[in-house]
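# A look at the structure
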Amino acid sequence: MRRITLLTVWTAVAAIVLAAPLGAGGGFPERISLPDSFRPEGIAIGQGGTFYVGSIPTGAIYRGNLRTGEGSIFVPGAEGRAAIGVEFDHGLLFVAGGPTGKGFVYSARTGNLFATHTFFTPTAPGQTFVNDVAIARGGAYFTDSIRPFLYRAGETGVEAIPLSGDIVYGPGNNANGIEATPDGKTLIIVQTNVGKVFTVDPETGQTNEIVLNQAVERGDGLLLDGQTLYVVQNRDNKVAVVRLEPGLASGTVTTHLTDPDFDVPTTIDEFGNRLYAVNARFRTPPAPLETEYWVAQFRKASGP
């Protein structure tokens, strides 16, 4: 009788473990090391806890595992490439190419270069900075922090969509992080230099400000989770939690998330109830083969 009881208990325990939501168990490292002097910026989390981080100056992509913290260089750096924002979608990695004026698409399985999209060909430094990317209806949409355009790469080719409406470009970094609503009909972008957030019509480029109760200064990467928008405030070492109102006309910054492992976080992605931020460490001059970089794990905001 005792043997039957123990078997029943262990069967129940196993069922609970197997039914636990992905990313809900313990053992995930709080801090994941990246290669020294990698100079990361963007992060995307794919299937099964696999994550991808891009290198700003070389365009290299590092692939690792959130459960073990182990990983290696997946895409080697190459001349004429850069990696800023990174997005995973249907087995592909979409990478914003920063000052190259390009967007790169890689196979998330093999690392092979699938496509190169040229949005703008600079003739001098500081003319373009393709900063981040999101997937929505019609293709992949890239922001440019210097030129007031949204770039779309889709089945019909590449298109530069002028931004109009409420957003006004000025000195410094302008449009930066970008997210898409679940239906793909609306994009959300943050303007770093003024701390404002906007909706964007992906077809026309029309922008409308999402009026917040306070500015999100130095806003960088975005993550949309239901009606909650996470805004990374890079040099402030915090993440604003914004509760968006229906219709996306306004929102309320309800709290800020911080973590001891933050050192100028730039972008984030989610895995279950965990968030992962890349630390670009912009205040730390990079030294060849010496400067440490890492990904920091922290938890989503609780409550409504």
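So, here is what we can say about the structure in this document.

What counts as what
Residues numbered from 1 in each chain as written. Predicted model: local features only at pLDDT ≥ 70, side-chain atom pairs only at ≥ 80, totals over all residues. Heavy atoms only, no water. Helix = DSSP H or I, 4+ residues; strand = E, 2+ residues; numbered from the N terminus. Buried < 20%, exposed > 50% of the residue type's maximum accessible area, 1.4 Å probe, protein only. Contact = heavy atoms within 4.5 Å. Areas by Shrake-Rupley, 256 points an atom, 1.4 Å probe, with all protein chains shown as cover. Lys, Arg positive; Asp, Glu negative; His and termini not counted. Charge placed at Lys NZ, Arg CZ, Asp CG, Glu CD. 1 Å grid on protein atoms, 1.4 Å probe; cavity = no way out; pocket = protein on both sides within 12 Å on 5 of 7 lines; lining within 4 Å. Points joined across faces, edges and corners; volume = space filled by probe spheres on them. Nonpolar A, V, L, I, M, F, W, Y, C, P; charged D, E, K, R; others polar. Core = buried A, V, L, I, M, F, W, Y, C linked by side-chain atoms within 4.5 Å. Salt bridge = Lys/Arg side-chain N within 4 Å of Asp/Glu carboxyl O. Pairing = 2+ DSSP bridges. Axes fitted to C-alpha atoms, helices over the stretch in contact; angles between N-to-C directions.

### Some thoughts on the overall build of the protein
Across its full length, the protein holds one helix and 25 strands. Dimensions of the protein, computed from the C-alpha atoms along their principal axes, are close to 80 × 45 × 40 Å. Here the protein, with 304 residues, has 50% of them falling under the buried criterion. Expressed as a percentage of contacts within the protein between residues at least 6 apart in sequence, the contacts between residues at least 24 apart total 44%. Carbon and sulfur atoms provide 54% of the accessible area of the protein, an area that totals close to 13,900 Å². If you average the places of the 23 positive and of the 29 negative side-chain charges in the protein, the two averages end up 6 Å apart.

### What to know about the layout of surface pockets
Counted as a void, the largest pocket has a volume near 500 Å³. The wall of the largest pocket is formed by 28 residues, among which Glu87, Phe88, Glu179, Leu223 and Asp269 lie closest to the centre. When contributions to the lining of the largest pocket are tallied by element, the ones reaching two or more residues are strand S2 (40-45), strand S6 (86-89), strand S10 (130-136), strand S15 (175-180), strand S19 (219-225) and strand S23 (265-271). Broken down by class, the residue content of the lining of the largest pocket amounts to 15 nonpolar, seven polar and six charged. If you add up the space inside the second largest pocket, you get close to 210 Å³. For the second largest pocket, the lining is made up of 13 residues, of which Asn173, Asn176, Asp220, Asn234 and Phe282 are closest to its centre. The class makeup of the residues in the lining of the second largest pocket is four nonpolar, five polar and four charged.

### Looking at the nonpolar core
Within soluble globular proteins, side chains that are nonpolar tend to cluster in buried spots. In terms of nonpolar packing, the biggest core is built from 16 residues, with Leu34, Ile43, Phe51, Val53, Leu66, Tyr276 and Val295 touching the most fellow members. Broken down by secondary-structure element, the contributors of at least two residues to this core are strand S1 (31-34), S2, strand S3 (50-55), strand S24 (274-279) and strand S25 (293-299). Other than its neighbours up to four places away in sequence, Val53 contacts Leu34, Phe38, Pro40, Gly42, Ile43, Ala60, Ile61, Tyr62, Val278 and Val295.

### Some remarks on the pattern of salt bridges
Close approach of charged atoms allows side chains with opposite charge to pair. Scanning all chains against the criterion turns up seven salt bridges. Among the ionic pairs, Arg152 bridges to Glu203, the shortest N-O distance being 3.5 Å. One end of the pair, Arg152, is in strand S12 (residues 149-154); the other, Glu203, is in the loop between strand S17 (196-200) and strand S18 (206-212), and 51 residues separate them in sequence. Accessibility expressed as a relative area gives 11% for Arg152, which makes it buried. Through salt bridges with shared partners, a single ionic network connects Arg152, Glu159 and Glu203.

### A look at the sheet that holds S2
Taking strand neighbours across the sheet as the criterion, the four strands line up as S2-S3-S4-S5 in an open arrangement whose pairing is antiparallel. Each end of this open sheet is capped by a strand with a single partner; those strands are S2 and strand S5 (71-75). Strand-to-strand twist across the sheet, computed as the mean angle between neighbouring axes with direction ignored, equals 30 degrees. With four bridges connecting them, S2 and S3 associate as antiparallel partners. Looking across to S3, one finds that Ile43 is bridged to Val53.

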